[in-house]
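Below are the chains, spelled out letter by letter.
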Amino acid sequence: MKKSSFVSLIMGTVSGVLFALGMCMALLPEWDAFTEGIIFGAIGIVLGIVTALIWFKMENKKLPKMSGRNLFRTIYAVIAALVLGTGMCMCLVWQQIIWGTLVGLLGIIMLIALIPMIKGIK
């Protein structure tokens, strides 16, 4: 494993855990930690961005240009992740197992569709 991949793996894991913990803290009323959750989530997002920048620097790659196509892909990815999250909420919070599973599967299919959108089909 290359050094850049290992550093990205560790930093990405830490940022993901901080973001997920922050969102749990903010969104679960039983925890009563909304403000702290927002802070943890924001730190997770910032660390994720820093991780990407460090990886690009270590790999001697340029940042991707924000063209119309990349902007569409980014917006699509955010919507797909929100659809998946909505399905999870429907199952876990609102106890709508069947509809939540269907919405969650739709979100997973949307996320899988990103692969041919970005890499293309050969």
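For the structure itself, consult the block above.
Caption draft 1: Quick peek at the layout of surface pockets. Its volume calculated, the largest pocket comes out at about 440 Å³. What lines the largest pocket is simply Phe19, Met23, Cys24, Leu27, Leu28, Gly85, Met88, Cys89, Leu92 and Val93. For the lining of the largest pocket, the secondary structure elements donating two or more residues are α1 (3–27) and α3 (68–92). Of the residues assigned to the lining of the largest pocket, the class counts are 9 nonpolar, 1 polar and no charged. A volume near 310 Å³ is recorded for the second largest pocket. What lines the second largest pocket is simply Asn70, Arg73, Thr74, Ala77, Val78, Ala81, Leu82, Leu114 and Ile118. Of all the secondary structure elements, the ones that give two or more residues to the lining of the second largest pocket are α3 and α5 (114–119). Broken down by element, the lining of the second largest pocket gets its largest block of residues, 7 residues, from α3. The class makeup of the residues in the lining of the second largest pocket is 6 nonpolar, 2 polar and 1 charged.

Caption draft 2: Structural context of the packing of α1 against helix α2 (residues 34–58). Here α1 crosses α2 at 165°, and the two axes come no closer than 7 Å. With respect to each other, α1 and α2 are oriented roughly antiparallel. Crossing of α1 against α2: the hand is left-handed. By residue class, the composition of the contact of α1 with α2 is 19 nonpolar, 10 polar and 2 charged.

Caption draft 3: The arrangement of the packing of α3 against helix α4 (residues 97–112) in detail. Running from amino to carboxyl end, α3 crosses α4 at an angle of 160°, the nearest separation of the two axes being 7 Å. For the element pair α3 / α4, the angle class is roughly antiparallel. At the point where α3 passes α4, the crossing takes the left-handed sense. Here α3 contributes Tyr76, Ala77, Ile79, Ala80, Ala81, Val83, Leu84, Thr86, Gly87, Met90 and Cys91 to the contact with α4, which in turn contributes Ile97, Trp99, Gly100, Thr101, Val103, Gly104, Leu106, Gly107, Ile108, Met110 and Leu111.

What counts, and where the lines are drawn
Residues numbered from 1 in each chain as written. Predicted model: local features only at pLDDT ≥ 70, side-chain atom pairs only at ≥ 80, totals over all residues. Heavy atoms only, no water. 1 Å grid on protein atoms, 1.4 Å probe; cavity = no way out; pocket = protein on both sides within 12 Å on 5 of 7 lines; lining within 4 Å. Points joined across faces, edges and corners; volume = space filled by probe spheres on them. Helix = DSSP H or I, 4+ residues; strand = E, 2+ residues; numbered from the N terminus. Nonpolar A, V, L, I, M, F, W, Y, C, P; charged D, E, K, R; others polar. Axes fitted to C-alpha atoms, helices over the stretch in contact; angles between N-to-C directions. Parallel < 35°, antiparallel > 145°, perpendicular 65-115°, else oblique. Left-handed = near helix turned anticlockwise from the far one by under 90°. Contact = heavy atoms within 4.5 Å.

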